[in-house]
Amino acid sequence: MKIADVLRNKGAGVLTVSPDMTIAELVAGLVTRNVGAMVVVDATGPVGIVSERDVLRSLHSHGVDVLDRRVADIMTTQVVTCTPADSVDVLSGLMTTNRVRHVPVVDGGALTGIVSIGDVVKTRMEELEAQQEHLEAYITQG
Ligand code: AMP
């Protein structure tokens with residue numbers, strides 16, 4: 001299965017934050033939108049990614065004062081991306097190798113979606129269920 005198929009099922013929306021937003025505002029956004037990461041976008045386009053893990057790390061290092069700091073202070077700027085033409089297998093490899101659970105999808109320079117490790121697991125489960133149904137039909141119907 002391709003990333004384009006995953007996006008067709010889940011939608012192409014990407015939740016974004018500004019690098020100037022405070023960590024407190026970021027936390028509120030992550031909680032209310034029920035996501036683990038957001039792409040950081042300024043007037044020029046995507047400039048990074050920030051996840052709940054970055055918030056935890058900075059809380060551990062700097063204490064609660066970090067809530068007043070800016071997203072730009074904790075985001076990751078070297079972003080691992082994929083394209084809609086990549087396979088889910090390739091994406092799983094990227095997530096494992098780079099130890100990330102969120103990968104933005106870029107098509108011709110434009111941000112067209114984001115795939116999380118949860119989306120990958122859901123896709124795998126659906127593939128396995130379809131295979132099982134196919135095998136059961138093959139066995140019972142001959
Ligand atoms: P995650 O596992 O996605 O919650 O992210 C763990 C760490 O990797 C955090 O420091 C994120 O900022 C960073 N990260 C998450 N996704 C990406 C990505 N696609 N490219 C680069 N870094 C990322």
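Quantities reported herein were computed from a predicted structural model and do not represent experimental measurements.

A. Fine view of the overall build of the protein. Within the protein, the secondary structure is distributed over 6 helices and 5 strands. Listed by position from the N terminus, the elements making up the protein come as α-β-α-β-β-α-α-α-β-β-α. Going through the 142 residues of the protein one by one, you find that 31% of them count as buried. Put simply, 57% of the contacts in the protein that link residues at least 6 apart link residues at least 24 apart. When the accessible surface of the protein is totalled, it reaches about 8700 Å², and 55% of it is carbon and sulfur.

B. Region of interest: unusual backbone geometry. Positive phi, normally seen in glycine, also occurs at N34, with a value near 60°. Turning to its location among the elements, N34 is positioned in the loop between α2 (23-33) and β2 (37-42). We classify N34 as exposed; its relative accessible area is 70%. Notably, R99 is not glycine yet its phi reads approximately 55°, a positive angle.

C. Region of the structure containing the site of the ligand. By nearness alone, 14 residues border the ligand, and D54, T76, V80, R101 and H102 come closest of all. Between the ligand and T76, the relevant distance is 2.7 Å, taken from an oxygen atom to a side-chain nitrogen or oxygen of the residue. For the ligand, an oxygen atom lies 2.6 Å from a polar atom in the side chain of H102. For the ligand, whose unbound accessible area comes to 470 Å², protein coverage reaches 95%. The set of elements that each furnish at least two residues to the shell around the ligand consists of β3 (45-51), α3 (52-62) and β4 (102-107).

D. Summary view of the sheet that holds β2. Judged by pairing direction, the sheet is mixed, and its 3 strands sit side by side in the order β1-β2-β3 without closing on themselves. Every interior strand has two partners, whereas the edge strands, β1 (16-17) and β3, have only one. With 6 bridges joining them, β2 and β3 adopt antiparallel strand pairing. Its bridge partner lying in β3, V39 is registered against I49. Packed on one face of the sheet, α2 meets β1, β2 and β3 and runs near 130° to β2.

E. Highlighting the side chain of T22. Structurally, T22 is set in the loop between β1 and α2. Since its relative accessible area comes to 15%, T22 is described here as buried. Discounting residues that sit within four places of it in the chain, T22 has contacts with L67, D68, R69, R70 and V71.

F. Spotlight on the environment of T77. By the element assignment, T77 lies in the loop between α4 (71-74) and α5 (88-98). Between the C-alpha atom of T77 and that of I49, which follows or precedes it by 28 residues, the distance is 6.6 Å. Not counting residues up to four positions away in its chain, the partners in contact with T77 are V47 and G48.

Reading the values: the criteria
- Residues numbered from 1 in each chain as written.
- Predicted model: local features only at pLDDT ≥ 70, side-chain atom pairs only at ≥ 80, totals over all residues.
- Heavy atoms only, no water.
- Helix = DSSP H or I, 4+ residues; strand = E, 2+ residues; numbered from the N terminus.
- Buried < 20%, exposed > 50% of the residue type's maximum accessible area, 1.4 Å probe, protein only.
- Contact = heavy atoms within 4.5 Å.
- Areas by Shrake-Rupley, 256 points an atom, 1.4 Å probe, with all protein chains shown as cover.
- Near = heavy atom within 4 Å.
- Polar contact = N/O pair within 3.5 Å; in protein donor to acceptor, adjacent residues only side chain to side chain.
- Pairing = 2+ DSSP bridges.
- Axes fitted to C-alpha atoms, helices over the stretch in contact; angles between N-to-C directions.

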